[in-house]
Amino acid sequence: MTEEAEVEVNLSPTSGSEQQAPHFLRDVIFHGKFKLLKALTPEENIHCQHGLYFQDGQRRVDYVLTYPVKKPGGGRSSRQSTHLLTENAVARSLRRGVHSRGIHSRGEHPRHHQAQRPKDSSSLPSSPVADVELGCLGETFNGQEDHKAFRREEFEGKLRDTGLELEKDEDTKIPGVGFVKIHAPWTILCREAEFMKLKMPTKRVYEVKQSTGVMEKISSLVSKVLEPLHPHVEEHQPKNIKHLSHTFSREKQHLFDLSDKDYFFDSKTRSSIVFEILKRTKCKAKYSMGITSLLGSGVYTAAYPLHDGDINEESAESNDRKLLYEEWANYSVFYKYQPIGLVRKYFGEKIGLYFAWLGLYTQMLIPASLVGVIVFLYGCATVDDNIPSMEICHPRNNITMCPLCDRVCSYWKLSTACGTARASHLFDNPATVFFSIFMALWAAMFMEHWKRRQMRLNYEWDLTGFEDEEEALKDHPRAEYEFRVMQKSLSKDQKSQHKVEKLNYQDRLPAYMTNIVMMLLMIGVTFAIVFGVILYRISTKAALHMSSNPTTRNHVQLTVKTTAAIINLVVILILDEVYGAVARWLTVLEVPKTDKSFEERLIFKTFILKFFNAFTPIIYIAFFRGRLVGRPGSYLYVFESYRMEECAHGGCLMELCIQLSITMLGKQLIQNNLFEIGIPKLKKLIRYIRSKQGAFQEEERQKKLQRYEADHFLEPFAGLTPEYMEMIIQFGFVTLFVASFPLAPLFALLNNIIEIRLDAKKFVTELRRPVAARAKDIGIWYNILRGVAKVAVIINAFVISFTSDFIPRMVYQYMYSPDGSMHGFVNHTLSYFNVSHFQEGKETMDPLQLGYPVEICRYKDYREPPWSTTPYEISKEFWAVLAVRLAFVIVFQNVVMLMSDVVDWLIPDIPKDISLQIHKEKILLVDLFMKEEQGKVHILESRTSAVGKENCSSGNNNNSTMAHQRSGLHTNSTNSF
């Protein structure tokens, strides 16, 4: 084929892209041809078996780098530009021929290097040289592309120097994208595994002792009953057999089972090893650039390990990804346990710990949900026996209440609040106090149970000695930090030769001040929005009271509460996204030194902002609404015209329940589920449209995507912070205000059953495979959980004592009731007001709405009547109730926290059997090394003795020879004599 023909073939898909992209959108959107989109999804490309190995079919692709490929103009084909790159690479290699031959002599370059060169356009070693060598590239590429290509060649040359094997592929089905496939040979894997102190299973196996006696029988019976709930994941060895693990060492390779070297290091371990090499490999530009900087500057567009294969059922080859899809990332198995071991094997310990924590949290919600439903049903069963609500709903109740707003509102009968009073009893009853204590103990038990579960996983996953490596990794600096240090060093070098090695407090002071100001500003925005919703409720209530429709006037409270809660929900959802972006921006400004420090600071800022965003409206309703009102004749006004809103007669607990339920359910349904499903799909569609465009032709769709091409269209992994954050906020809804909403654990349980499978499906099918990260705990999230659980005890104490009517009812029953019952409680909580004492211009416009003139109206408060010597002053009943409320808070808080500490003390952090097994492993390791040393000593002694015997025999032979020589000489000398 001629060069012109090659150009036409290579450029034909892109030349008509501008015309074909609209046709594709039109076919998909208007004509319903969704098969065009489906044909491109990795899930439907079930026959993408290629792409997991190099072209030789032997070396596995451990990691992939992608970079932009610009089609050169001037009639040149992509092969010609590749040829130019190759010529420059050859020219540069002449400068390092001696070094290259030295590397080959050590055996660090791949065995198939010679076979790889025709495919790999830059397989020859390269190093940074003068830019004059890129002169021929300047005819094709602009300066920026030229610089990026040079940096890529330099970086890839450094990767080859470390021993990695590379193969390029620019002739892909994705226009404008080139791929660099990376393979780590066996020697490199062994070297890096030793550097990273990876624990690998040895040949030595031992039996894990099971409990004996009655406990064993009970355990076996429970396991048989729960057998249908376990996923069908094949175990390679019995559960009571475990390999003894030890840190990998090249000197002790005989301890490990190396019969199959291809599978000794699994795919997630291989990719993590390659990622460590990528992180520490630097190329020199104006400053040192690692893989993170190269990705940020556009030299490379993406870096990711490959998934193990396809997930479609028709695929003949079984793999871990397919097994996870069938037994984990599937809604039909929602009732089964998670295959945590397989999740850890495929995604790594950090992601495995997240799903283990989420699964345990969901399991612990089951008893909390049952108790919450029982408490709610108790309220439903006793609502007809509740004396205060019966008094309110009694038909002979003639209590006239004061207007709820100025001018447009009129007097009203207390009996009209019957429905609200009955509904409030569902959530404001003595059982809620018990439920609050139960949930505080539940949170403590959940924490302890998780610590035990985490310790068991550390033992099963061989993470018991992980502290040393974790401390070493803390000091590994981030690329951004190194860049800032380099900038500071360059600026300092102009003034002095003093070398700058780190950023001090003065360098970070502007960022710290920006963080403080922005955090306060964002929290102030939250308060301002809450205040705006308050004004909305006040003005809307006054407007609805002026309506001529009687139905509208009768449902003013319900309408205002519901619409305000929905507005709050929408604002919370919007600000959540804004606050997440602001928190990341503020953390980037700080330039933390390590990835761990960056993650912890980001988590802290995000949690603070999102916590205030989610709970500020709820805290206002629980503790401030109805307490800053004033009294009739002396109300508190906002902007001199808006009267502060009051709680309904049933109390603010019902309104708190409405706000809590709408916010919690809305966040779970819209943000946690709909956004997680819809946004990745939308981003994938946009990527397809941008990258494919004119390549949506039928013949292109018929071609099979390689594995690395299919994974390119998946969403990049953004970390576990969003997943943890939504669960922590949910944990706050479940524990902080559970006294006002006992059904919160039930809604959280139903959401989490879906959330587990949704997250699993997202990780398996929607996201690129994350780099496996080792971790022995969930990090800062555990401290946040403990903090939320402690704050929950205090908040629930205040909700019970100040928001609900539990304390006023108890005070009346035991101090003021004439017969020790609740009869007369409603009248006891209402004060009197003389309507002639209204301020001028604030009285109602329709005083005769009830059909008779009103002289005395009632309002909910503890104040003296108008005929007393101190009219409208706070009465002694108020101070008695306040004293009991404060006492209840102190007693409740201390008793519940003491009980939580007792639970913490009674339950050991490390299960006894795990402690024994860890001790047994240490003994077995010592025994193994002692035997190894004894074997070495025995071999050394045998060799020494053999050498000694040889020396003795040779010595005897030498002595006899010398004797013969002496005798011969003596004879000769005698003869001569």
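Being a predicted model, the structure only gives us computed values, none of them experimental.

**Some remarks on the overall build of the protein**
Helix and strand counts for the protein stand at 34 helices and 16 strands. For the protein, with 977 residues in total, the buried portion stands at 49%. Long-range pairs, those at least 24 residues apart, make up 80% of the contacts in the protein with a sequence separation of at least 6. For the protein, the exposed surface amounts to about 48100 Å²; the carbon and sulfur share of it is 60%.

**Structural notes on helix α14 (residues 340–347)**
For α14, the set of buried residues is Ile 340, Leu 342, Val 343, Tyr 346 and Phe 347. Looking straight down α14, one finds its buried side chains confined to an arc of 160 degrees; they lie on one side. Buried residues along α14 sit in contact with α11 (267–280), α13 (320–327), α15 (349–382), α18 (430–460) and α29 (744–766). Backbone geometry just downstream of α14 places Gly 348 in the positive-phi region, at approximately 105 degrees.

**Some thoughts on a nonpolar patch on the surface**
On the surface, a nonpolar cluster with roughly 530 Å² of combined accessible area is contributed by Tyr 505, Leu 509, Met 513, Ile 516 and Leu 520. Mapped onto the elements of the fold, Ile 516 is located in helix α21 (residues 505–545).

**Notes on unusual backbone geometry**
If you check the backbone angles, Lys 197 has positive phi at about 55 degrees while not being a glycine. Mapped onto the fold, Lys 197 is located in the loop between α8 (186–195) and β4 (199–207). The exposure class of Lys 197 is partly exposed, given its relative accessible area of 46%. Of note in the backbone geometry, Val 591 takes a positive phi value of approximately 50 degrees without being a glycine. Note on placement: Val 591 falls in the loop between α23 (556–590) and α24 (595–623).

**Things to note about the packing of aromatic side chains**
Counted by the stated rule, this structure contains 48 aromatic pairs. Judged by centre distance (5.6 Å) and plane angle (50 degrees), the ring pair of Trp 186 and Phe 265 falls under tilted. In this pair, Trp 186 is assigned in helix α8 and Phe 265 in the loop between α10 (261–264) and α11, connecting sequence segments 79 residues apart. Each member of the pair, Trp 186 as well as Phe 265, is classed as buried.

**A closer look at the sheet that holds strand β2 (residues 165–169)**
Backbone-to-backbone hydrogen bonds join strands into a sheet, with any given pair of strands oriented parallel or antiparallel. As summarised here, the arrangement of the 4 strands in space is β2-β3-β1-β8, forming an open sheet in which the pairing is antiparallel. Single-partner strands in this sheet number two, and they are β2 and β8 (302–304). Along the sheet, successive strands turn relative to each other by an average axial angle of 20 degrees, direction set aside. Examined bridge by bridge, strand β1 (residues 63–68) and β8 share 3 bridges and lie antiparallel to one another. Bridge pairing links Val 64 to Tyr 304 in β8. Its contacts with the sheet place helix α7 (residues 143–161) against β1, β2 and β3 (177–183), and it is angled at close to 145 degrees to β2. Helix-sheet contacts for α11 involve β1 and β3, and the interaxial angle to β1 is about 50 degrees.

**Some remarks on the state of the cysteines**
Simply put, disulfide is the name for a covalent bond between the sulfur atoms of two cysteines. Applying the stated rule across the entire model yields 3 disulfides. The partner cysteine of Cys 393 in its disulfide is Cys 418, sulfur to sulfur 1.8 Å. Torsion about the S-S bond of the Cys 393 and Cys 418 cystine: about 100 degrees, corresponding to right-handed handedness. Residue Cys 393 is located in helix α16 (residues 387–393), and its partner Cys 418 is located in helix α17 (residues 418–427); the two are separated by 25 residues in the primary sequence. Through a disulfide, Cys 405 is tied to Cys 409; the S-S separation comes to 1.5 Å. Between Cys 405 and Cys 409, the S-S torsion sits near 85 degrees, and that sign places the bridge as right-handed.

**Description of the UniProt feature "transmembrane region" (unreviewed entry) in the protein**
In this structure's numbering, the residues bearing the UniProt feature "transmembrane region" (unreviewed entry) are residues 354–378, 431–447, 516–538, 558–582, 602–623, 727–750 and 784–807. End C-alpha atoms of residues 516–538 are separated by 33 Å, and the span's content is 100% helix alongside 0% strand. Between the end C-alpha atoms of residues 602–623 the distance is 30 Å, and the span holds 100% helix and 0% strand.

**Looking at the nonpolar core**
Counting residues in hydrophobic clusters, the biggest one holds 109 residues, and the most contacted among them are Trp 357, Tyr 361, Trp 442 and Phe 737. In terms of residue count, the dominant contributor to this core is α15 (15 residues). When residues no more than four places from it in sequence are discounted, the contact partners of Phe 737 are Phe 615, Ile 618, Ile 619, Ala 622, Phe 623, Leu 656, Leu 660, Gly 732, Ile 795, Asn 796 and Val 799. The next biggest cluster of nonpolar side chains, apart from the first, holds 43 residues, and it includes Cys 190, Leu 198, Val 299 and Leu 924.

**What about the packing of α23 against α24?**
At a minimum axis distance of 9 Å, the contact between α23 and α24 shows a crossing angle of 155 degrees. As judged from the angle between their axes, α23 and α24 are roughly antiparallel. Where α23 crosses over α24, the two elements pack in a sense that is right-handed. Considering only residue class, the contact of α23 with α24 consists of 12 nonpolar, 5 polar and 6 charged.

**Observations concerning the pattern of salt bridges**
The tally for this structure, following the rule as stated, stands at 34 salt bridges. Residue Glu 349 is joined to Arg 344 by a salt bridge in which the shortest nitrogen-to-oxygen separation is 3.0 Å. Bridged by salt links that share partners, the residues Glu 448, Lys 451, Asp 904 and Asp 909 form one connected network.

**Overview of the environment of Arg 627**
For Arg 627, the position within the fold is in the loop between α24 and β11 (630–631). When the C-alpha atoms of Arg 627 and Glu 646 are compared, they prove to be 7.8 Å apart, with 19 residues separating the residues in sequence. The contacts of Arg 627, once residues within four sequence positions are left out, are Ala 622, Phe 802 and Thr 803.

Rules of the game
- Residues numbered from 1 in each chain as written.
- Predicted model: local features only at pLDDT ≥ 70, side-chain atom pairs only at ≥ 80, totals over all residues.
- Heavy atoms only, no water.
- Helix = DSSP H or I, 4+ residues; strand = E, 2+ residues; numbered from the N terminus.
- Buried < 20%, exposed > 50% of the residue type's maximum accessible area, 1.4 Å probe, protein only.
- Contact = heavy atoms within 4.5 Å.
- Areas by Shrake-Rupley, 256 points an atom, 1.4 Å probe, with all protein chains shown as cover.
- Arc of directions from axis to C-beta.
- Patch = residues over 30% accessible without salt bridge, like charges linked within 9 Å, V, L, I, M, F, W, Y side chains within 5 Å.
- Salt bridge = Lys/Arg side-chain N within 4 Å of Asp/Glu carboxyl O.
- Phe/Tyr/Trp six-rings, centres within 6.5 Å; stacked < 30°, edge-to-face > 60°.
- Pairing = 2+ DSSP bridges.
- Axes fitted to C-alpha atoms, helices over the stretch in contact; angles between N-to-C directions.
- Disulfide = S-S within 2.5 Å.
- UniProt positions renumbered as here; feature names shortened; annotations may be inferred.
- Core = buried A, V, L, I, M, F, W, Y, C linked by side-chain atoms within 4.5 Å.
- Parallel < 35°, antiparallel > 145°, perpendicular 65-115°, else oblique.
- Left-handed = near helix turned anticlockwise from the far one by under 90°.
- Nonpolar A, V, L, I, M, F, W, Y, C, P; charged D, E, K, R; others polar.

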